[in-house]
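Below, each chain spelled out in residue letters.
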Amino acid sequence: MAATGPRFAFTDVDHTLLRVSTLHHFARHFFTAAGREDVLAEHAERMQGLAASGADRETLNKSYYLLWAGVPVREVAEAAEDWHEGIRAHHLYREPVVRRLRALRAEGVETVLVSGSFRACLRPIERELRCAATLCTELEERDGVYTGVVVKSLIGAAKRAEVEAFAAGSGGHDFAGDHAFGDHISDAPVLAAVGHPVVVPVDPALETLARERGWEVLRDEKP
């Protein structure tokens, strides 16, 4: 029996929908435009030290957001609009993924972004693709300024939990009719949950898993 009710395409963003990491690409845009390359250099040194110490992805993700402590929320949102124009102009969307999502939307399948990035980066992308929702890392704000504190992290296993919680709000949701797009082995739990998993071949470990499980591999095109 075919799945009934709403159908979703749960879509990772960094290196899946886009060819870049929103977190690092946007940070370079923001702080370079502000003439604060020193902030980027200090941040890079801190992150490299953590990576060298064996810090896991969640720790690295939370440490990344210290970069935004003390920065006005509105300023970040405005810069994200300019940054997104550059993303479009430099063809940093993966067009095969975009075409597939738009074709699915025409069939009634709504796109839901699932990302460890934060809402300011993702809002222009959400609007571009007319997404139904965005599931992402949430940051603490105080008096219109980011504190650098992560309220909710969406990395690794947390992605599937968030996807399941979102789907539960649809009432008797059947994942068999859903699609999911991912590029990293950490996306495997979400991909395994849906009836139509699609892998963008960036991570060899995930591509191997795709072959073993018969998942679709959607290759990119040169811009």
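Residues numbered from 1 in each chain as written. Predicted model: local features only at pLDDT ≥ 70, side-chain atom pairs only at ≥ 80, totals over all residues. Heavy atoms only, no water.

Our focus in this paragraph is the sheet that holds strand β4 (residues 145-152). One open sheet holds the seven strands; their spatial order is β4-β3-β2-β1-β5-β6-β7, and the pairing between them is mixed. Each edge of the open sheet is held by one strand with a lone partner, namely β4 and β7 (216-217). Alignment of strand β1 (residues 7-12) against strand β2 (residues 109-118), held across six bridges, turns out to be parallel. Each bridged residue has a counterpart across the sheet, and for Asp-12 the counterpart in β2 is Val-114. Strands β1, β2, β3 (133-142) and β4 of the sheet are contacted by helix α8 (residues 157-168), whose axis makes an angle of about 140° with β2. (Pairing = 2+ DSSP bridges. Helix = DSSP H or I, 4+ residues; strand = E, 2+ residues; numbered from the N terminus. Contact = heavy atoms within 4.5 Å. Axes fitted to C-alpha atoms, helices over the stretch in contact; angles between N-to-C directions.)

Here the focus is the pairing of strand β5 (residues 179-182). Burial of the side chains of β5 extends over both faces: His-179 and Phe-181 are buried on one face and Ala-180 and Gly-182 on the other. Inspection of the sheet shows β1 paired to β5 by three bridges, in the parallel sense. Bridging across to β5, Phe-10 finds its partner in Ala-180. Pairing between β5 and strand β6 (residues 196-199): four bridges, direction parallel. Of the residues in β6, the one forming a bridge with Ala-180 is Pro-197. (Buried < 20%, exposed > 50% of the residue type's maximum accessible area, 1.4 Å probe, protein only.)

Relative orientation of the contacting elements helix α2 (residues 22-33) and helix α5 (residues 73-89) amounts to 105°, with a least axis distance of 10 Å. For the element pair α2 / α5, the angle class is roughly perpendicular. Taking contact as the criterion, the partners of Thr-22, His-25, Phe-26, His-29 and Phe-30 in α2 are, on α5, Glu-75, Val-76, Ala-79, Ala-80, Asp-82, Trp-83 and Ile-87. Tallied by class, residues from the contact of α2 with α5 come to seven nonpolar, three polar and two charged. (Parallel < 35°, antiparallel > 145°, perpendicular 65-115°, else oblique. Nonpolar A, V, L, I, M, F, W, Y, C, P; charged D, E, K, R; others polar.)

Another aspect to go through is the packing of α2 against helix α3 (residues 37-52). Relative orientation of the contacting elements α2 and α3 amounts to 140°, with a least axis distance of 7 Å. One way to sum up the angle between α2 and α3 is to call them oblique. On α3, the residues touching Ala-27, Arg-28, Phe-31 and Thr-32 of α2 are Glu-37, Val-39 and Leu-40. Residues belonging to the contact of α2 with α3 are distributed by class as follows: four nonpolar, one polar and two charged.

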